[in-house]
Amino acid sequence: SSRVVIIGAGIVGANLADELSARGWTDITVVDQGPLDMAGGSTSHAPGLVFQSNASKSLSLFARYTVEKLKSLERDGESCFNQVGGLEVATTPERLEELKRKHGFATSWGIETRLVGADDCLDVYPLLNKDLVLGGLHIPSDGLALAARAVQLLIARTRKAGVRYLGSTPVTGIGQAHGRVTGVVTPSGAIPADIVISCAGFWGVEVGAMAGVSIPLLPMAHQYVKTTAVPAQAGRNELPNGANLPILRYQDQDLYYREHGDRFGIGYYGHRPIAVDAAALGQTPKVVSEDSMPSRLKFTPQDFEPAWKLSQELLPALQKSMVAEGFNGILSFTPDGGPLVGQAPNLDGFFVAEAVWVTHSAGVARALAEILTTGKSQVDLGGCDLSRFDPVQLTPAYVKETSQQDFVEVYDIVHPFQPRDSPRNLRVSPFYEPQRQLGACFLETSGWERAEWYEANAELLSNLPAKWRPVERDTWSSRYYSPIAAAEAWKTRTAAAMYDLTAQRRLEVTGPGAVDLLMRLTTGAVSRPPGTVTYALLLDSQGGIRSDLMITRLDERTFQIGANGPMDVAYLAREARVQTAAAPNQYVQVRDITSGTCCIGLWGPRARDVALAVSTDDLSTPGLPYMRAKRTTMAGIPVTVMNVSYVGEPGWEIHTTSDCGLYLWNALWRAGQPHGLIAAGRSAFYALRLERGIRLWGVDMTTEHDPYEAGLGFALRATGDDYVGRHALRGRSSETATRRLRCLAVDDGRSMVLGKEPVFAGDKAVGYVTSAAFGYTVGRPLAYAYLAAHVSEGDTVEIEYFGRRIRATVLSDPTYNMPHVDQPR
Ligand code: FAD
């Protein structure tokens, strides 16, 4: 097997060594700068609360696996998990609602939870103040991980299987040659390796720097204290760390609790963000104790003051105790709160698994081990991939700003559309100024400002035909929403609208090997002549969908690709490097051209009239049929025009360089006024694409789905050479798929859902909502969900939204067919 070096023997490194060795890998060395009996990282002091429910499906599944694994890891009859259960309490009406939403996620991801009233909370947790608690969420399978013990058992088990451990050995350098790692450097010599995996926890930035890899995490202090003995707890638990009560979260005040025998442990996130410079912590001592642990900083009691008062209110029994000891522990935060997992985009063979909680440690380790040994993780890693950030998101300033916000919001109720507060206006399209003048409401994604709707279109609401009038929404689904979106959808279907698509990823693939690369990696028949546009998928080796692409052949050796994100860039660029190295005369280059270009989607029954006013070229259907592209000019600006449509109306994506974007926007805007042209935002776009049945990668499909399940079998080419994933799909078809992505319409015509809600057939949860939006054209809320293949059109199901069941009927998909065009896309 490959020679592997793992940096870090915390809960992540130890689990990874175990998962790899369980899969038959034999040449593994784990190096830690600290002593192996207590290495001094975050794991050494982690109180080990494992709350499994999470808005992220992947993180919930990772947590569930951690629970299973730690339960099975035992010595002398004692396992590494104390399954006391978990209780999240609500003390505000908003939190009570939030717990219903959380119960929904947990149900969607297959984790059993119970919404409980105030009295039941007291049954489960008698120490609670009954005057404060309104209700709770009880998760019977949550509990306490004995993380430090687990590390010792994993080290012992893997040592037996031949894994080598080097304690008190700092890695000081990463060897590399020709874009690949060659090993690590330590004071006692170099260790050669084919694969190096940094599990260095909050030291990840420093280890990354040794390899020239930017690691977007920020080490931050988080307070944890232990009380003196609580008289009411005397004799209830084994000392010093026994626990019987569920782990407790009081998220309204950023607090959590566990028992340590007759004492309490209290964790607090409500204090000011305290960023830490890991490089300044110095060397880990040869013997680590609680006092000399590098991951423990001196307690700052003034930061804890409000927490102590709040804790005594929630748990009055604590009034008979005091804070005995405390520390500011260090752990990692990231710009979007997710962990960092996977291969570095710029260094082959260098992997990381960092910013991982104890809660997710075994699950993440299993996923990475699966990637290394089979090329695919059974749980989707999209939201965890190290490559998911753009260069502007990797700067220390961005990482600090956003990770601190992540710390502040860690227990907050966060709406799925909530934009970050800062930095804002980091990335704007060339159309930003006219959009602002039209009263654009901007939300933020990956640093980009994106117009959701335009206040200038508010005046259209008074003319909106009755059929198009938006329905009243509940408070949650009306946040970050305006009924103006209905008017924008109406104008798109009846006149013309321009959409700013600049933030969508654009790549250029060039070179004599371009066709080969795209034929090998994508499912599309891309070797067709210049001017053709092909919708295609990127699959993993086992047929899971790793992305979807719109591939335009511009000339013999140049393609422009509409892709999903930096992960696509990393993957295609890496494969291009491999191909070029193997066959230099078949070289191929992949470039992310998003920032240097811009794009307007011009669609609607009158789009052609608008285009005619700025172009003398033949853009009629015979002149430029559906799924065809050409380079031409509009208003004197060189553009690439593609006849494609996400919204289901005729029109084009019009691409040009950033410098000319504003001129083009203004020219189209002026030309469009006589034809009723408006600017429309993402809110309408999202709804119209759903009516059109267009799948969104990362939401409607991930590596956990194959093309047949996702309803994308049409994107697989039938002939030609093999592509990655084709072999795995042999024997599969739409008929053999056991689940399928189905379109649901809400029966009452007005109850909104937003995504991730569980879908029920009778009492049984049978799936969950992927995307949802109000279908303005069909006049009903729409939702997509994977349902068992036997479910057919006309069947009814129920969607659970904040604890309420909403009836929905399975419709044919899509609900809106594009006029004049009969191809699937
Ligand atoms: P670590 O345990 O930090 O291990 C990294 C290892 O890498 C260290 O041993 C270090 O010595 C080694 N290393 C670093 N650089 C080098 C180098 N150059 N050469 C060699 N070795 C190197 N999580 C939960 O899930 N539940 C909780 O209740 C919980 N509570 C927490 C409470 C506090 C106060 C804190 C601070 C954290 C808490 N966490 C909790 C988070 C959790 O502790 C961490 O996320 C987790 O332990 C990280 O594990 P790790 O293996 O990635 O990192």
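This report concerns the structure included in the present document. (Residues numbered from 1 in each chain as written. Predicted model: local features only at pLDDT ≥ 70, side-chain atom pairs only at ≥ 80, totals over all residues. Heavy atoms only, no water.)

So, the overall build of the protein
Next up, step 1: On a plain count of helices and strands, the protein comes out with 17 helices and 42 strands.
Next up, step 2: The globule rule puts the C-alpha radius of gyration for 825 residues at 28 Å, and the 28 Å found for the protein is close to it.
Next up, step 3: On the principal axes, the C-alpha backbone points of the protein span a range of 85 × 65 × 50 Å.
Next up, step 4: The buried share of the protein, reckoned over its 825 residues, is 61%.
Next up, step 5: Here the contacts in the protein between residues at least 6 apart in sequence split such that 72% fall between residues at least 24 apart.
Next up, step 6: Per element, the accessible surface of the protein, about 30700 Å² overall, is 51% carbon and sulfur.
Next up, step 7: Counting 80 positive and 88 negative side-chain charges, the protein places the centres of these two groups 3 Å from one another. (Helix = DSSP H or I, 4+ residues; strand = E, 2+ residues; numbered from the N terminus. Rg over C-alpha atoms; globule rule 2.2 N^0.38 Å. Buried < 20%, exposed > 50% of the residue type's maximum accessible area, 1.4 Å probe, protein only. Contact = heavy atoms within 4.5 Å. Areas by Shrake-Rupley, 256 points an atom, 1.4 Å probe, with all protein chains shown as cover. Lys, Arg positive; Asp, Glu negative; His and termini not counted. Charge placed at Lys NZ, Arg CZ, Asp CG, Glu CD.)

Side note on the site of the ligand
Next up, step 1: Taken together, 36 residues lie around the ligand, and Asp32, Thr43, Leu49, Val356 and Thr359 are the ones closest in.
Next up, step 2: Val358 is positioned with one of its backbone polar atoms (N or O) 3.1 Å from an oxygen atom of the ligand.
Next up, step 3: Taken by itself the ligand offers 1000 Å² of open surface, and the protein chains cover 97% of this.
Next up, step 4: Among the secondary structure elements, those contributing two or more residues to the shell around the ligand are helix H1 (11-22), strand S16 (218-227), strand S21 (323-333) and helix H8 (358-374).
Next up, step 5: Tallied by class, the residues present in the shell around the ligand amount to 22 nonpolar, 13 polar and 1 charged. (Near = heavy atom within 4 Å. Polar contact = N/O pair within 3.5 Å; in protein donor to acceptor, adjacent residues only side chain to side chain. Nonpolar A, V, L, I, M, F, W, Y, C, P; charged D, E, K, R; others polar.)

What about the packing of H1 against H8?
Next up, step 1: Here H1 crosses H8 at 40°, and the two axes come no closer than 8 Å. Relative to H8, H1 is oriented oblique. H8 is crossed by H1, and the crossing has right-handed handedness. Residues Ile11, Val12, Asn15, Leu16, Glu19 and Leu20 of H1 lie in contact with H8, whose contacting residues are Val358, Ser361, Ala362, Ala365, Arg366, Leu368, Ala369, Leu372 and Thr373.
Next up, step 2: Along the lines of polarity and charge, the residues of the contact of H1 with H8 split into 10 nonpolar, 3 polar and 2 charged. (Axes fitted to C-alpha atoms, helices over the stretch in contact; angles between N-to-C directions. Parallel < 35°, antiparallel > 145°, perpendicular 65-115°, else oblique. Left-handed = near helix turned anticlockwise from the far one by under 90°.)

Concerning the nonpolar core
Next up, step 1: Judged by nonpolar contacts, the single largest core of 57 residues is most densely connected at Tyr499, Tyr535, Leu537, Ile545, Met701 and Tyr776.
Next up, step 2: Residues in contact with Leu537, not counting those within four places in the same chain, are Leu521, Thr522, Thr523, Ile545, Ser547, Asp548, Pro707, Leu712, Ala715 and Leu716.
Next up, step 3: Within the second largest apolar cluster, 48 residues are counted, among which are Val4, Ile11, Ala14 and Leu61. (Core = buried A, V, L, I, M, F, W, Y, C linked by side-chain atoms within 4.5 Å.)

Let's talk about the side chain of Asn237
Next up, step 1: Tracing the backbone through its elements, the reader meets Asn237 in the loop between S16 and strand S17 (247-250).
Next up, step 2: At 2.6 Å, the side chain of Asn237 forms a polar contact with the side chain of Glu259.
Next up, step 3: At a separation of 2.9 Å, a polar atom in the side chain of Asn237 contacts the main-chain carbonyl oxygen of Gly261.
Next up, step 4: In this view, Asn237 contacts Gly242, Ala243, Asn244, Glu259 and Gly261; residues no more than four positions away in its chain are not counted.

Quick look at the environment of Ala234
Next up, step 1: Relative to the helices and strands, Ala234 is located in the loop between S16 and S17.
Next up, step 2: What makes Ala234 exposed here is its relative accessible area of 53%.
Next up, step 3: Separated by 29 residues in sequence, Ala234 and Arg263 place their C-alpha atoms 8.9 Å apart.

Observations regarding the environment of Val358
Next up, step 1: Examined against the element boundaries, Val358 turns out to sit in helix H8.
Next up, step 2: According to the relative accessible area criterion, Val358 is buried, its value standing at 12%.
Next up, step 3: When the C-alpha positions of Val358 and Gly10 are compared, they lie 9.3 Å apart, and in sequence the two are 348 residues distant.
Next up, step 4: Here Val358 is in contact with Ile11, Ala46, Thr66, Ala145 and Ala147, once residues within four sequence places are set aside.

What about the pattern of salt bridges?
Next up, step 1: If you walk through the whole model with that rule in mind, you get 44 salt bridges.
Next up, step 2: Close ionic contact of Arg23 with Glu370 constitutes a salt bridge, the shortest N to O distance being 3.9 Å. Here the residue Arg23 occupies a position in the loop between H1 and strand S2 (28-31), and Glu370 occupies one in helix H8, the gap between them amounting to 347 residues.
Next up, step 3: Judged by its relative accessible area of 9%, Glu370 is buried.
Next up, step 4: Among the ionic contacts, a cluster of salt bridges with common partners joins Asp18, Glu19, Arg23, Lys69, Arg157 and Glu370. (Salt bridge = Lys/Arg side-chain N within 4 Å of Asp/Glu carboxyl O.)

Considering the pairing of S16
Next up, step 1: The element S16 is largely enclosed, with a buried count of 10 among its 10 residues.
Next up, step 2: Of the two faces of S16, the one carrying Leu218, Met220, His222, Tyr224 and Lys226 and the one carrying Pro219, Ala221, Gln223, Val225 and Thr227 are both buried.
Next up, step 3: With 4 bridges joining them, S16 and strand S19 (residues 263-268) adopt antiparallel strand pairing. When the bridges of S19 are listed, Lys226 appears paired with Gly265. (Pairing = 2+ DSSP bridges.)

So, the sheet that holds strand S1 (residues 4-7)
Next up, step 1: Across the sheet, 6 strands lie side by side as S11-S2-S1-S15-S23-S22; this open sheet has mixed pairing. Either end of the sheet is taken by a strand with one partner, and the two such strands are strand S11 (164-166) and strand S22 (340-343). Along the sheet, successive strands turn relative to each other by an average axial angle of 20°, direction set aside.
Next up, step 2: Two elements, S1 and S2, share 4 bridges in a ladder whose sense is parallel. Pairing of Val4 across the sheet is with Ile28, part of S2.
Next up, step 3: Sitting on the sheet, H8 touches strand S15 (195-198), S22 and strand S23 (350-354), and the angle it makes with S23 is about 165°.

Points about the packing of aromatic side chains
Pairs of aromatic rings are described using the distance from one ring centre to the other and the angle between the two planes.
Next up, step 1: Enumeration according to the criterion identifies 21 aromatic pairs in this entry.
Next up, step 2: Consider the rings of Phe333 and Phe407, whose centres lie 5.3 Å apart with planes at 75°: the pair is edge-to-face. Placement of Phe333 in strand S21 and of Phe407 in helix H9 (residues 396-408) is noted, with a sequence separation of 74 residues between them. In terms of burial, Phe333 and Phe407 fall into one category: buried.
Next up, step 3: Centre to centre, the rings of Tyr535 and Phe714 are 5.9 Å apart; their planes meet at 25°, and the pair counts as stacked. One end of the pair, Tyr535, is in strand S28 (residues 533-539); the other, Phe714, is in the loop between helix H16 (682-691) and helix H17 (726-729), with 179 residues separating them in the sequence.
Next up, step 4: A connected cluster of aromatic rings, assembled from ring pairs, spans Tyr224, Tyr256, Tyr269, Phe327, Phe333, Phe407 and Tyr411.
Next up, step 5: Lying across the ring of Tyr571, Arg546 places its NZ or CZ 3.6 Å from the centre.
Next up, step 6: The residue whose ring lies beneath Arg805 is Phe760, and the NZ or CZ to ring-centre distance is 3.7 Å. (Phe/Tyr/Trp six-rings, centres within 6.5 Å; stacked < 30°, edge-to-face > 60°. Lys NZ or Arg CZ within 6 Å of the ring centre and 35° of its normal.)

So, the sheet that holds strand S27 (residues 505-510)
To summarise the sheet geometry, strands pair through backbone hydrogen bonds and adopt either a parallel or an antiparallel arrangement.
Next up, step 1: Pairing in this open sheet of 5 strands is antiparallel, and the strands run S28-S29-S30-S27-S31 from one edge to the other. The sheet is open, and its two borders are formed by S28 and strand S31 (589-592), each paired with just one other strand. Going from strand to strand, the sheet's axes swing by 30° on average, the running direction of each strand aside.
Next up, step 2: Taken together, the 5 bridges between strand S29 (residues 545-555) and strand S30 (residues 558-563) define a ladder with antiparallel strand orientation. Each residue of the ladder has a partner; that of Asp555, found in S30, is Thr558.

Here we look at the side chain of Arg450
Next up, step 1: With respect to the helices and strands, Arg450 occurs in strand S25 (residues 448-454).
Next up, step 2: When residues no more than four places from it in sequence are discounted, the contact partners of Arg450 are Cys441, Phe442, Leu443, Thr445, Ala503 and Arg682.

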